[in-house]
Amino acid sequence: MNGSDKRTPQEIADVLRERIRVGELRAGDRLPTQAELAEEFGVERGAVRQALRALQEDGLLSNVSKGSPPRIAVPGPARHDPQPTMVAIAPRLAEAFQVPHVRVDAACLTAETLMLGLGEPLRLIHEGRIRPESIDVRILLPSRDINLAFPISVGDHGDDDPVHQRWLQQRNAQGHVLRHNLRSLRHSHGIDVRVTFRALPFTPPVKLYLLNGTEALMAYYMVARREETSDAGTLDMYDVLGAESLLFSFEAAAGARDAAFVAESQKWFDALWETITTDLTLS
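Quantities reported herein were computed from a predicted structural model and do not represent experimental measurements.

(A) Here's a closer look at the sheet that holds strand β6 (residues 152-153). The strand order across the open sheet formed by three strands is β6-β11-β10, and the pairing between neighbours is antiparallel. Either end of the sheet is taken by a strand with one partner, and the two such strands are β6 and β10 (223-230). The pairing of β6 with strand β11 (residues 233-240) spans two bridges and is classified as antiparallel. By the bridge assignment, Ser 153 is partnered in β11 with Met 237. Contacts from helix α7 (residues 162-189) reach β6, β10 and β11 within the one sheet, and its direction differs from that of β11 by about 70°.

Dropping the structure here:
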């Protein structure tokens, strides 16, 4: 393209949007450098930067920094538009895994939602589309020794409550799978991975995920009565369907209110981790 036919920043942004729309640029892909884009479109780098800012504001780019070209953002719900947890968690985790040093903190009833949501960033890593240098995951789960507020049997729920035993088996099995899936990245991709669990002395009324210290995702546990058939018979219980709970997102970059929520949530998590929680061994 010669100098007499220079593109405006808006036109450059429109061309890149179309490449994203038709799949020429896919989620997780890196854009060319600003110098390469400037040469392609026959413009100064300032025009390219304006185009990239427009795409970033539209939520189409992530990892925008001066040090490296941005990536195409993983499609997901609008930041402040709550969605069911299982709809919203995977794309948020996929974007969180695009930084060099990933940190995920979670406080929840079981690790099921986090285990399933991590499938998306793990897929992108195995496809070679993202490559973090380190991953540090800390998870707070209820202790096996406490009387849970939920799930519990509707009737008698003593020490041998089958509903409690069912929850404990799920807590341990899901934790094992999550830890195995992440630790396997050490051998397959040479990524430094740490996964640590600690036990809460209470039942968390909400689930909380903290991503890289910059975003907090929170959902309420909605308690309902339901029945489930198992080897122990029909279980009549008060339980929660955490995967269907609406997940609310708060980003430190979204303004003072969100930034305060993220900061206080991180302080709350760190305080629990360092004080009244105990070591948790998955049996």
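(B) Spatial organisation of the side chain of Thr 277. With respect to the helices and strands, Thr 277 occurs in the loop between α8 (256-274) and β13 (278-279). Take Thr 277: its relative accessible area is 3%, and that puts it in the buried class. One polar contact links the side chain of Thr 277 to the main-chain carbonyl oxygen of Leu 272, over a distance of 2.7 Å. In this structure Thr 277 touches Leu 140, Arg 198, Ala 199, Leu 200, Pro 201 and Leu 272, once residues within four positions along its chain are discounted.

(C) Fine view of the packing of aromatic side chains. The tally for this structure, following the rule as stated, stands at three aromatic pairs. Their ring planes at 20° and their centres at 5.8 Å tell us that Phe 269 and Trp 273 sit as a pair that is stacked. Of this pair, Phe 269 and Trp 273 are both found in helix α8, four residues apart, which corresponds to roughly one turn of the helix. A single burial state applies to Phe 269 and to Trp 273, both of which are buried. In this structure, Arg 138 packs its charged tip against the face of Trp 273, placed 5.1 Å from the ring centre. Positioned above the aromatic ring of Trp 273 is the side chain of Arg 198, whose terminal nitrogen or guanidinium carbon lies 6.0 Å from the ring centre.

(D) Up close: the pairing of strand β8 (residues 206-211). By the criterion of burial, β8 is predominantly enclosed, with six of the six residues buried. Alternating positions in β8 separate into two faces, Val 206, Leu 208 and Leu 210 on one and Lys 207, Tyr 209 and Leu 211 on the other, with burial throughout. With four bridges connecting them, strand β4 (residues 101-107) and β8 associate as antiparallel partners. Bridge pairing in β8 links Asp 105 to Leu 210. Hairpin remark: β8 followed by strand β9 (residues 215-220), antiparallel, with three residues in the connecting loop; positive phi at Asn 212, about 55°.

(E) Fine view of the sheet that holds β8. Read across the sheet, eight strands follow the order β3-β12-β9-β8-β4-β5-β7-β13 without closing on themselves; strand pairing throughout is mixed. What marks the edges here is a single partner per strand, and that holds for β3 (83-84) and β13. As paired elements, β9 and strand β12 (residues 246-251) share four bridges and run antiparallel to each other. If you follow Ala 216 over to β12, its bridge partner there is Phe 250. Sheet strands touched by α7: β5 (134-142) and β7 (192-200). Its angle to β7, the strand with the most contacts, is close to 160°.

(F) Expanded view of the packing of helix α4 (residues 85-96) against helix α6 (residues 119-126). Packing of α4 against α6 brings their axes to within 7 Å, and their N-to-C directions diverge by 40°. By the angle class used here, α4 and α6 are oblique. Seen from α4, the contacting residues are Ala 90, Leu 93 and Ala 94; seen from α6, they are Glu 120, Pro 121 and Leu 124.

Rules used throughout
Residues numbered from 1 in each chain as written. Predicted model: local features only at pLDDT ≥ 70, side-chain atom pairs only at ≥ 80, totals over all residues. Heavy atoms only, no water. Pairing = 2+ DSSP bridges. Helix = DSSP H or I, 4+ residues; strand = E, 2+ residues; numbered from the N terminus. Contact = heavy atoms within 4.5 Å. Axes fitted to C-alpha atoms, helices over the stretch in contact; angles between N-to-C directions. Buried < 20%, exposed > 50% of the residue type's maximum accessible area, 1.4 Å probe, protein only. Polar contact = N/O pair within 3.5 Å; in protein donor to acceptor, adjacent residues only side chain to side chain. Phe/Tyr/Trp six-rings, centres within 6.5 Å; stacked < 30°, edge-to-face > 60°. Lys NZ or Arg CZ within 6 Å of the ring centre and 35° of its normal. Parallel < 35°, antiparallel > 145°, perpendicular 65-115°, else oblique.

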